[in-house]
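Summary of the model geometry
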Amino acid sequence: FAAASNLKWIACPGTGVDKIVAVPVIRDSDIPLTNAPGAHVPPMADHVIGMMIALAHNFRELYRDQDQRLFNTRNWDGRMEELGGRRIGIFGYGELGRAIADRAIAFNMDVKAVDPNPGSDTGAASEIWSLDRLDKLVTSSDWLVIAAPYIPATHHIIDAVRIRSMKRGSRIIVISRGGIVDEDALADAIADGHLAGAGLDATEIEPLPKGSPLWDQENMIITQHASALTPELYEGRRLVFINNLRRFVNGEPLK
């Protein structure tokens, strides 16, 4: 960056710019930085619902039974859970949070959300609360979905105290960024049965170290920050860049 003396614009092909603005010389410069929001939303929202169903229906254990050619229906009596009637709490109610809410409503879930700027348009959520009601969201949710950006204010905001305040048997899904949930506290809460499980598409350190206790949790689904990687995502990012490139060439404000 320092050597690029004629640099006019930084175009991030993804949505999160946290790793770029973490570099002080970039953050403090007056060179515009754009991202590509929107294209990632549908596949990531789909991924959240997929993780929820996989956890509620014990897909990991079912897959192991399939590999071993086991067929024991009675072993599964009462071990499946329905999503309908459960509360999903969404932390971060931007485009991604709203898309998750739209899908959750189709499963007859009760949707609540917390966002620093709640606004008046609740979308599919029955209520959007401000950040001062995060504890209420955490303690009342059967499923807590992390769809907020990672910034200094959200670092470990879901800490050990908040995790322990969740209902016994509830679950956490991390879809936006790692570092928002205290992963050591999360692993402990799953290991001792306080939480029934979790799904992580993003972790605080990536790649997730092989020695992390998260790998060993029975009721954990870990995907490799891969939830958005569909062909449609890349086409969407390309279109965002083309639109901004046209604006740049014409001297118009970048989106």
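Data block above holds the structure.
Quick notes on the rules
- Note on numbering: residues in each chain are counted from 1, in written sequence order.
- At least 70 in pLDDT is required for a residue's local features to be given in this predicted model, at least 80 for side-chain atom pairs to be given and counted, and no such filter applies to totals for whole chains, interfaces and linings, which use all residues.
- Hydrogens and water are ignored here; the side-chain numbers use all heavy atoms of the structure.
- Residues enter a patch when their relative accessible area is above 30% and they make no salt bridge; the linking distance is 9 Å between like charges and 5 Å between nonpolar side chains (Val, Leu, Ile, Met, Phe, Trp, Tyr).
- Surface accessibility in these figures is a Shrake-Rupley result with a 1.4 Å probe; residues are shielded only by whichever protein chains are displayed.
- Salt bridges are defined by distance alone: a side-chain nitrogen of Lys or Arg within 4 Å of a carboxyl oxygen of Asp or Glu.
- Buried residues are those whose accessible area, probed at 1.4 Å on protein chains only, stays under 20% of the maximum for their type, while exposed residues exceed 50% and partly exposed ones sit between those limits.
- Between N-to-C directions, angles cover 0 to 180 degrees, with each direction set by a line fitted to C-alpha atoms, over the stretch in contact for helices.
- A helix here means a DSSP run of H or I that spans at least four residues, while a strand means a run of E at least two residues long, and both kinds are numbered starting from the N terminus.
- Roughly parallel means an angle under 35 degrees; roughly antiparallel means over 145; roughly perpendicular covers 65 to 115; every other angle is labelled oblique.
- Crossings are classed by handedness, with left-handed meaning an anticlockwise turn of the near helix from the far one by less than a right angle and right-handed meaning a clockwise turn.
- Contacts are residue-level and defined by heavy atoms, with any inter-residue pair within 4.5 Å sufficient.
- Residue classes follow a fixed rule: Ala, Val, Leu, Ile, Met, Phe, Trp, Tyr, Cys and Pro count as nonpolar, while Asp, Glu, Lys and Arg count as charged, and any other residue, Gly among them, counts as polar.
- The rule for pairing is simple: two strands pair if DSSP sees at least two bridges between them.
- Among the buried residues, those of types Ala, Val, Leu, Ile, Met, Phe, Trp, Tyr and Cys that are joined through side-chain atoms within 4.5 Å form a nonpolar core.
- Charge counting follows a simple rule: Lys and Arg are positive, Asp and Glu are negative, and His as well as the terminal groups are ignored.
- By convention, orient the strands away from the viewer: a clockwise path from the first strand over the helix to the second makes the crossover right-handed.
- Under this definition, polar contacts are N or O atom pairs within 3.5 Å; protein pairs additionally need one hydrogen-donor-capable and one acceptor-capable atom, and for neighbouring residues in sequence, both atoms have to be side-chain atoms.
- Stacked, tilted and edge-to-face are the three classes assigned to paired rings of Phe, Tyr and Trp, where Trp is represented by its six-membered ring and a pair needs centres within 6.5 Å; plane angles under 30 degrees give stacked, over 60 edge-to-face, the rest tilted.
- Over a ring means this: the NZ of a Lys or the CZ of an Arg is within 6 Å of the ring centre and within 35 degrees of the ring normal.

Here we look at a nonpolar patch on the surface
Taken together, the side chains of L239, F241, I242, L245, F248 and V249 define a hydrophobic patch exposed on the protein surface, amounting to about 510 Å² of accessible area. When its relative accessible area of 31% is taken as the criterion, I242 is described as partly exposed.

A short note on the packing of helix α3 (residues 41-56) against helix α5 (residues 95-106)
In the contact formed by α3 and α5, the axes pass within 9 Å of each other and the chain directions differ by 50 degrees. Taken together, α3 and α5 sit at an angle that is classed as oblique. Along this stretch, α3 crosses α5, giving a crossing that reads as right-handed. On α5, the residues touching V41, P42, M44, A45, D46, V48 and I49 of α3 are E95, L96, A99, I100, R103 and A104. Looking at the contact of α3 with α5, its residues break down into 10 nonpolar, no polar and 3 charged.

Thoughts on the sheet that holds strand β5 (residues 127-129)
In space, the 7 strands of this open sheet follow the order β5-β4-β3-β6-β7-β8-β9, with parallel pairing throughout. Each edge of the open sheet is held by one strand with a lone partner, namely β5 and β9 (220-222). Across the sheet, the axes of successive neighbouring strands diverge by a mean angle of 15 degrees, strand direction being ignored. Across 5 bridges, the pairing between strand β7 (residues 170-174) and strand β8 (residues 195-200) is parallel. Looking at the pairing, I173 lines up with G199 of β8.

As for the nonpolar core
Grouped together as the largest cluster of nonpolar side chains are 33 residues, with contacts concentrated most on M52, I88, I90, I100, W143, I173 and I175. Those elements that place two or more of their residues in this core are α3, β3 (87-91), α5, β4 (110-114) and β6 (143-146). Counting residues per element, this core draws most heavily on α3, which supplies 10 residues. With 30 residues, the next largest nonpolar core counts W129, I157, I180 and A187 among its residues.

As for the side chain of D65
Considering the arrangement of structural elements, one finds D65 in helix α4 (residues 59-67). Here D65 sits buried without a salt bridge, and the closest side chain of opposite charge, R64, lies 6.3 Å off (N-O distance). Among all residues touching D65, those that are not within four sequence positions of it are L70, N75 and W76.

Describing the pairing of β3
Taken across its 5 residues, β3 has 5 buried, putting it largely inside the fold. Where burial is concerned, the two faces of β3 agree: the one with R87, G89 and F91 and the one with I88 and I90 are both buried. Across 5 bridges, the pairing between β3 and β4 is parallel. Residue I90 lies in a different strand from β4, and its bridge partner there is A113. Regarding the hand of the β-α-β motif, the stretch spanning β3, α5 and β4 is right-handed.

Some details on the pairing of β8
Counting buried residues along β8, 5 of its 6 residues qualify, which places the element largely inside the surrounding structure. Relative to β9, β8 runs parallel, the two sharing 3 bridges. Looking at β9, one finds that L200 is bridged to I222.

Section: unusual backbone geometry
The amide bond that connects E206 to the next residue, P207, takes the cis arrangement and shows omega of 0 degrees. With respect to the helices and strands, the residue P207 is situated in the loop between β8 and β9. Of note in the backbone geometry, R69 takes a positive phi value of approximately 60 degrees without being a glycine. Along the polypeptide, R69 turns up in the loop between α4 and β3.

Here's the deal with the environment of R177
Its location among the elements puts R177 in the loop between β7 and α8 (183-191). A C-alpha to C-alpha distance of 5.2 Å links R177 and A202, two positions 25 residues apart in sequence. Each residue touching R177, except ones within four places of it in the same chain, is listed here: G16, D18, A148, Y150, A202 and H225. For R177, the side chain forms a polar contact with the side chain of D18, separated by 2.9 Å.

Quick notes on the packing of aromatic side chains
Inspection of the entire model under this criterion finds 3 aromatic pairs. Judged by centre distance (5.8 Å) and plane angle (45 degrees), the rings of F59 and Y63 are tilted. Placement of the pair is F59 and Y63 together in helix α4, with a separation of 4 residues, close to one helical turn. Judged by its relative accessible area of 29%, F59 falls in the partly exposed class. Pairwise contacts between aromatic rings join W9, F241 and F248 into one cluster. Between R79 and the ring centre of W76, over which it is positioned, the NZ or CZ distance is 4.4 Å. Of note, R133 hangs over the ring of W129, and the distance from its end group to the ring centre comes to 4.3 Å.

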